[in-house]
Amino acid sequence: MKNLSLRILLSALVLHSFTGCDAVKRVSDNEYLLTKNTINVNGKKDNSETLNNLLYQQANKKLAGIPLRLYFYNLARPNIDSIIKSNITAKPKKRERLEKWLSKKQLDKYMDSRRGLNNWFKKTGEAPVILDESRADKSLSRINSYYINNGWFDVVSGYNITKTDKKRAAVEYNIESGPAFIIDSIYREIRTPIIDTIYQKNKEEALIYSGQQYRTSNFEAERERIAIKMRNSGLYHFSQDYITFEMDTIGTNKKVNVGLKIQNREIRKDGENITRQPFKVYEISDVNIITDYTFEDRNKPFQDSIRYAGFNLYSYGKMRYRPKAITDAVFITPNRIFRDIDRTRTYRYISELRTFKYPNIQYYENEEDRTLSDTIKLTPLKKFSLGFSTDISQSNIQTVGLSLNPSVLIRNIFRGAETFQISAFGSIGSSRDKNNTSDPFFDIKEYGLDLKLTIPRLFSPFYTEGIIPKYMSPSTRISLAASSQTNIGLDKQTLSGTFNYNWFPNDKVTNKFDLFNIQYVRNLNIENYFGVYQNSFKLLNDIAQDVNYIPRGENLSIPSGANAFINYALDENPPQEISTTQRQTINIINERKNRLTENNLILSSGFSFVNDERTNLFDEDFSIFRFKLELAGNLLASASKLFGLPKDDNGRYELFNVAYSQYTKVELDYIKHFDLGKKNVLAFRSFAGIAIPYGNSANIPFAKSFFAGGPNDNRAWTAYSLGPGRSQSTNEFNEANFKIAFNIEQRFNLFENLNGAIFVDVGNIWNVFDNITDPAATFNGFSSLEDLAVGSGFGLRYDLSFFVFRFDVGFKTHNPASDSSGRWFNEYNFKNATYNIGINYPF
């Protein structure tokens, strides 16, 4: 490792020595390359991103202290066309010789390739940043503005430029901020009494207060807060322009006395005369909704109209919507005061219906009685929308696969602005390992159908407006899906259905309540179990050879031979040649086989809560908290006892000859990002989940279990290869019912859209409160935390704007499956590393 580091250092020094003289290759004799900016505040160097972003000129970006992109740019020839012309085109004899040697077409391609390479150097590189003193003046002015806007009114600043005889220059900015000014007294002068009353009721929410350091941004935010409060209190004509602040700093000993002034409404008559009158509260007199507006029909008479709950609904043709479906999406209500937020919510709710184009909402003032008439113009989208997609794929189980995904979306299917989507999929593929050589080339088949109905309200016989008001955008989603597989694993047939409610208390929180979620999985080809889970078969086959059940070099037949050996080994009178350890291993294999091949029936209810503090897609200083609770089988358990449903051989109640699952599952997930500046982010994630079987179940269905490893989990292990606990499992898919995971990652920019990362992943899975008794796989209290796996590594990310391509290398830092003396750094090398490719960030 030391030799490698030394080589890297020497390579960097050699590169720097050979390229250092080329840094100013494209800098003219009377110009200087800007190499460094330094900002000193009160005698101390300040390298904060806030101040550096104020500078109009930044030195060329560097990687490991070397302006690598500048060197790339300098490799490009500024006059490549002239060079090619002088070397080839302008010399007919030379061109003739080259055409005889290469041919005319090849020569043209050669010249095009030289131009292309030259353009690539220019595009990949970065032009030298030439010192511009006028920009240094602008930078200084911007720095002064920053300090003044943040309360340092007595700031003094200047800059020095240091130039060298090697055509390089550095700029040093020196700032003496002086003491910050503090807000002292605040007085108000509000002309309109109703505004003064509203302000007094909400003054605790004020964003400026005595003792606070002056900041212009706080005053701008306070103006916006007051304007929003007034426009949501009936003051239709109010705006921020009526709000001003007066500052007094004369003889105040570095303090600011603030005066808040709000003028009366300005009314302009005849285009010239201006008068001022107190603001008045406006009410909504009527709301008119045109349900099928088009520009072409705007002057035509309405053919249908309905008055419902105070709303007037109009249509140029026959009314196609139930009135309540439309009025539920409108928050602007007759006989209520004007509120700007009602218009905003109406825009959002109508857009979420996916039934209309973006609505047009207009207010018309009735000056006589200080009321507003509102007109909402809705333009319907097409009744039907068709979708179609195809895909060609390749995987570890098929050499080639083809898939088709047609879909149709039907709007307003029951005249209540509902949307009904029908999606189908079908795929065929050619398996890598065919069970029968006579099978057709495309022997893998999968098809399915998915039906989804979205209702833009809570579909319930109970009144829910008081609990979940409509501004939370409540909706009901009902879905039904079915699929079938052939020559994929155990050839599953699945049937699922959901009925859930969704609502958003605010722009940060999302709630989802699954009233019921039913899943039925039927395995059609359980005889192929050992063909799919070959690691289990190999272990079983090795034991059969070790006890001379079959000769060395021969294999158990699948499935009859393998099943016969399991029955032989687990007989009530165990064979003497099979040891206790071997018998325990065979029993584990058999229990896992029975569990993974049995059919599953899950009827559950659940609730999920998400609090996402992100303000936008580019926010890198936020947190996300997720909580999920799932309860399965309790309703069926009560019905089983009440109706006396039959039981299977293990004493479990059955419905349609399937033992249903019963468990409680809880998941907690917390993500936190810290923005460290200069595209440097520290990301942290913690996860804990547990699924406890009880009643009719002794274990958790495979689909509801937890796994560890993979590009979005512990990246030093592949997916499903880690755990449970410290067990040295050879199963293809390791899973358990308890999981703990912690991830921390430092993300930083290398140059342009290429980013780097270093990370540490900690976690594992265990069995707990189920029928697994292997002490190496079960969680037995805090002592089991020593079995936490630790992975560390580094990665590269390339930002393509619409997604991030990610490559990570993970090293097994602490492997709980190893002997206790060799767990740490025993496999910390590239040979045993795990290479992950992913899309977007893992958390």
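To keep things clear, this report deals only with the structure shown in the data block. (Residues numbered from 1 in each chain as written. Predicted model: local features only at pLDDT ≥ 70, side-chain atom pairs only at ≥ 80, totals over all residues. Heavy atoms only, no water.)

A word on the overall build of the protein
So, point 1. Per the secondary structure count, the protein includes 16 helices and 33 strands.
So, point 2. In terms of overall size, the protein is more extended than a compact globule, its C-alpha atoms giving a radius of gyration of 36 Å where 843 residues would be expected to give roughly 28 Å.
So, point 3. Seen through its principal axes, the protein has C-alpha atoms that stretch 105 × 85 × 65 Å.
So, point 4. Within the protein, buried positions represent 41% of all 843 residues.
So, point 5. Pairs at least 24 residues apart make up 62% of the contacts formed inside the protein by residues separated by at least 6 positions.
So, point 6. Summed over all atoms, the accessible surface of the protein reaches about 46500 Å², with 54% contributed by carbon and sulfur.
So, point 7. Computed over 107 positive and 93 negative side-chain charges, the inter-centroid distance for the protein is 6 Å. (Helix = DSSP H or I, 4+ residues; strand = E, 2+ residues; numbered from the N terminus. Rg over C-alpha atoms; globule rule 2.2 N^0.38 Å. Buried < 20%, exposed > 50% of the residue type's maximum accessible area, 1.4 Å probe, protein only. Contact = heavy atoms within 4.5 Å. Areas by Shrake-Rupley, 256 points an atom, 1.4 Å probe, with all protein chains shown as cover. Lys, Arg positive; Asp, Glu negative; His and termini not counted. Charge placed at Lys NZ, Arg CZ, Asp CG, Glu CD.)

So, the packing of aromatic side chains
So, point 1. The full count for this structure, using the stated rule, is 49 aromatic pairs.
So, point 2. Aromatic pair tyrosine 720 and phenylalanine 733: ring centres 5.3 Å apart, planes at 85°, arrangement edge-to-face. Of this pair, tyrosine 720 sits in the loop between strand S27 (680-693) and strand S28 (738-751) while phenylalanine 733 sits in the loop between S27 and S28, placing them 13 residues apart in sequence.
So, point 3. Pairwise contacts between aromatic rings join Tyr529, Phe530, Tyr533, Phe537, Phe702, Phe707, Tyr720 and Phe733 into one cluster.
So, point 4. The ring of tyrosine 653 has lysine 647 lying over it, and the distance from NZ or CZ to the ring centre is 4.8 Å.
So, point 5. Over the face of the ring belonging to phenylalanine 843 we find arginine 747, whose NZ or CZ atom lies 5.3 Å from the ring centre. (Phe/Tyr/Trp six-rings, centres within 6.5 Å; stacked < 30°, edge-to-face > 60°. Lys NZ or Arg CZ within 6 Å of the ring centre and 35° of its normal.)

Side note on the nonpolar core
So, point 1. Within the largest apolar cluster, 27 residues are counted, with the highest numbers of intra-cluster contacts made by Val287, Ile289 and Ile376.
So, point 2. Apart from residues no more than four positions distant in its own chain, isoleucine 289 is found in contact with Phe311, Asn312, Leu313, Tyr314, Ile326, Val330, Ile376 and Leu378.
So, point 3. Counting 22 residues, the second largest nonpolar core, distinct from the first, contains Ile183, Ile198, Ala227 and Tyr242. (Core = buried A, V, L, I, M, F, W, Y, C linked by side-chain atoms within 4.5 Å.)

Let's talk about helix H14 (residues 560-569)
So, point 1. Those residues of H14 that sit buried are Gly561, Ala562, Phe565, Ile566 and Ala569. With its buried residues spanning 135° around the axis, H14 presents them on a single face. Residues of H14 that are exposed and angled more than 90 degrees away from the buried face: Ser560 and Asn567.
So, point 2. Next to the buried residues of H14 lie helix H12 (529-532), helix H13 (534-546) and helix H15 (580-597). (Arc of directions from axis to C-beta.)

Quick look at a nonpolar patch on the surface
So, point 1. Where nonpolar side chains cluster on the molecular surface, the patch consists of Tyr798, Leu800, Phe802, Phe805, Ile837 and Ile839 and spans about 620 Å² of accessible area.
So, point 2. Look at phenylalanine 802 and you get exposed, because its relative accessible area is 67%. (Patch = residues over 30% accessible without salt bridge, like charges linked within 9 Å, V, L, I, M, F, W, Y side chains within 5 Å. Salt bridge = Lys/Arg side-chain N within 4 Å of Asp/Glu carboxyl O.)

A word on the sheet that holds strand S12 (residues 311-315)
So, point 1. If you trace the five strands from one edge of the open sheet to the other, you get S11-S12-S10-S14-S13, paired in mixed fashion. Strands with a single pairing partner mark the edges of an open sheet, and in this sheet they are strand S11 (304-308) and strand S13 (360-366). Averaged over all pairs of adjacent strands, the angle between strand axes in this sheet comes to 20°, irrespective of strand direction.
So, point 2. The strands touched by helix H11 (residues 340-352) within the sheet are S13 and strand S14 (371-377), with S13 carrying the most contacts at an inclination of about 150°. (Pairing = 2+ DSSP bridges. Axes fitted to C-alpha atoms, helices over the stretch in contact; angles between N-to-C directions.)

Here we look at the environment of asparagine 611
So, point 1. Here asparagine 611 lies in strand S22 (residues 600-612).
So, point 2. The spatial distance from the C-alpha of asparagine 611 to the C-alpha of asparagine 511 is 9.0 Å, given a sequence separation of 100 residues.
So, point 3. Excluding anything up to four places from it in sequence, asparagine 611 contacts Lys508, Val509, Ser623, Ile624 and Phe625.
So, point 4. Within the structure, asparagine 611 has its side chain in polar contact with the side chain of glutamate 613 (distance 3.1 Å). (Polar contact = N/O pair within 3.5 Å; in protein donor to acceptor, adjacent residues only side chain to side chain.)

Some points on the environment of leucine 353
So, point 1. You can see leucine 353 is positioned in the loop between H11 and S13.
So, point 2. By relative accessible area, which is 6% here, leucine 353 ends up buried.
So, point 3. Residues leucine 353 and serine 475 lie 122 residues apart in sequence; the distance between their C-alpha atoms is 9.6 Å.
So, point 4. Ignoring anything within four residues of it in the chain, the contact list for leucine 353 reads Ala329, Ala417, Thr419 and Pro456.

Things to note about a positive patch on the surface
So, point 1. On the surface, a cluster of positive charge is contributed by Lys36, Lys45, Lys62 and Lys678.
So, point 2. In this structure, lysine 45 sits in strand S2 (residues 44-45).

Brief notes about the side chain of serine 475
So, point 1. Its place among the elements puts serine 475 in strand S19 (residues 475-486).
So, point 2. Once residues lying within four places of it in the same chain are set aside, the contact partners of serine 475 are Ile455, Pro456, Arg457, Leu458, Asn500, Tyr501 and Asn502.

Some points on the packing of H14 against H15
So, point 1. At a closest axis distance of 10 Å, the pairing of H14 and H15 adopts a crossing angle of 125°. Classified by the angle their axes make, H14 and H15 are oblique. Crossing hand, H14 versus H15: left-handed. The segment H14 lies against H15, with Asn563, Phe565, Ile566 and Ala569 engaging Arg583, Ile586, Asn590 and Lys593.
So, point 2. Looking at the contact of H14 with H15, its residues break down into four nonpolar, two polar and two charged. (Parallel < 35°, antiparallel > 145°, perpendicular 65-115°, else oblique. Left-handed = near helix turned anticlockwise from the far one by under 90°. Nonpolar A, V, L, I, M, F, W, Y, C, P; charged D, E, K, R; others polar.)

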